[in-house]
Amino acid sequence: QSMFIAPTVFGLFWKRATKWGAIASMYLGLVSYLVLEIFFPDLFGDIVNLVPALTLSIVAMVVVSLLTPRPPQEILRLFWGKSVPSERQEVTLQR
């Protein structure tokens, strides 16, 4: 559960999300959930181990996506349509 939420949501709503961010998010979500569930089942008391695993998954998605190159414009246009500005337009808008 915790391994698919962040890549799905960020992939649908964040243009900066990358495949490496999604992969890191899925792996960290799965591993952290399994470690918490197997070795520390009552570490957080009443909080289900899904919550910290999901938090780590979200952090991994954002950090790895920001540390890796942006998705190519062709991919962005394929999924987001023609409303995606080109790199030249982005530079102009940032000034």
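Residues numbered from 1 in each chain as written. Predicted model: local features only at pLDDT ≥ 70, side-chain atom pairs only at ≥ 80, totals over all residues. Heavy atoms only, no water.

Draft legend 1. Geometry of the packing of aromatic side chains. With the rule as written, the count across this model stands at 1 aromatic pair. An angle of 70° between the planes, with centres 5.7 Å apart, marks the rings of Phe10 and Trp14 as edge-to-face. Using a relative accessible area of 25% as the deciding quantity, one classes Trp14 as partly exposed. (Phe/Tyr/Trp six-rings, centres within 6.5 Å; stacked < 30°, edge-to-face > 60°. Buried < 20%, exposed > 50% of the residue type's maximum accessible area, 1.4 Å probe, protein only.)

Draft legend 2. Spotlight on helix α3 (residues 50–67). The end-to-end C-alpha distance of α3 is 26 Å, a good match for the 26 Å that 18 residues give at a rise of 1.5 Å each. Those residues of α3 not exposed but buried are Pro52, Ala53, Ser57, Ala60, Met61 and Ser65. Where α3 is buried, its residues contact α1 (2–13) and α2 (19–39). (Helix = DSSP H or I, 4+ residues; strand = E, 2+ residues; numbered from the N terminus. Expected span 1.5 Å × (residues − 1). Contact = heavy atoms within 4.5 Å.)

Draft legend 3. Examining the environment of Thr68 more closely. Turning to its location among the elements, Thr68 is positioned in the loop between α3 and α4 (73–80). For Thr68, a relative accessible area of 18% translates into the label buried. Non-local contacts of Thr68, meaning those with residues more than four positions away in its chain, are made with Arg16, Thr18 and Trp20. One polar contact links the side chain of Thr68 to the main-chain carbonyl oxygen of Val64, over a distance of 2.9 Å. (Polar contact = N/O pair within 3.5 Å; in protein donor to acceptor, adjacent residues only side chain to side chain.)

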